[in-house]
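Each chain, letter by letter, is given below.
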Amino acid sequence: MFTRKEIVDYSVRKGCNKDLLNKGMATTPNGDVFCIATLSGDYDDTKYYSAGIKSPKEILYCGVYSIRAKHRLDEDNYETRKNIAVTETDGIGTFVYFFEKTNKYINQYYYHGRYKFITHYMVTSHNPNHKDGEIVFKLQYVDRVK
């Protein structure tokens, strides 16, 4: 288990320029995604793993939304460039490090492991402000090496 501060500190030591306070994603200065974390704790278990199994072989992660972006993979928008960075994680040199909050009332996160990008697709958003939908990334489990 990790606390939010430990994830932030670890990301900073790895050279990340985002502190996981807003969107829950940290990127290196070259734009490689290093960490993503769900900060709200509102997701169903089946969103990332089924039947409480905490070593998922793949996860579905909704991408970053920005009202100022032309679309969800807008390379001219600071926020949505993180979505592009996800698509470049190859599971060899660049990874998504996935953490999930264990309970919405406590500040602890479970570290699932490292993932690589497989594909992405759009789904209808439950948020009426996200008119163009949500981008969903399918990520494949690589390992739990830290």
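Let me sum up the structure you'll find in this document. (Residues numbered from 1 in each chain as written. Predicted model: local features only at pLDDT ≥ 70, side-chain atom pairs only at ≥ 80, totals over all residues. Heavy atoms only, no water.)

### Overview of the pattern of salt bridges
Applying the stated rule across the entire model yields seven salt bridges. Put simply, Glu 58 and Lys 138 hold a salt bridge, and the shortest N to O gap is 3.6 Å. Taken together, the residues span a long stretch of sequence, with Glu 58 in strand S4 (residues 58-62) and Lys 138 in strand S7 (residues 134-143) at a distance of 80 residues. Taking the relative accessible area as the measure of exposure, Glu 58 reaches 42% and is therefore partly exposed. Residue classification places Lys 138 among the partly exposed positions, given a relative accessible area of 27%. Arg 114 is paired through a salt bridge with Asp 143; the nearest N and O atoms lie 2.8 Å apart. Linking Arg 114 in strand S6 (residues 108-123) with Asp 143 in strand S7, this pair joins segments that are 29 residues apart in sequence. Each member of the salt-bridge network shares a partner with another, and the members are Lys 70, Asp 74 and Asp 76. (Salt bridge = Lys/Arg side-chain N within 4 Å of Asp/Glu carboxyl O. Helix = DSSP H or I, 4+ residues; strand = E, 2+ residues; numbered from the N terminus. Buried < 20%, exposed > 50% of the residue type's maximum accessible area, 1.4 Å probe, protein only.)

### Remarks on the environment of Ile 7
Locating Ile 7 in the fold gives a position in helix H1 (residues 4-13). A sequence separation of 92 residues divides Ile 7 from Phe 99, and the C-alpha atoms of the two residues are 8.5 Å apart.

### Here's the deal with the side chain of Asn 83
Mapped onto the elements, Asn 83 comes out in helix H2 (residues 81-86). For Asn 83, a relative accessible area of 0% puts it in the buried group. Separated by 2.7 Å, the side chain of Asn 83 and the backbone oxygen of Arg 72 make a polar contact. Excluding anything up to four places from it in sequence, Asn 83 contacts Gly 63, Val 64, Arg 72, Leu 73, Ile 135 and Phe 137. (Polar contact = N/O pair within 3.5 Å; in protein donor to acceptor, adjacent residues only side chain to side chain. Contact = heavy atoms within 4.5 Å.)

### Concerning the side chain of Asn 77
With respect to the secondary-structure elements, Asn 77 resides in the loop between S4 and H2. Asn 77 sits in the buried class, given a relative accessible area of 9%. In this structure the side chain of Asn 77 is engaged in a polar contact, spanning 3.2 Å, whose partner is the side chain of Ser 66. Here the side chain of Asn 77 touches Thr 80 through a polar contact of 3.0 Å, landing on its backbone nitrogen. Look past the residues within four positions of Asn 77 in its chain and what remains in contact with it is Ser 66, Arg 68 and Ala 69.

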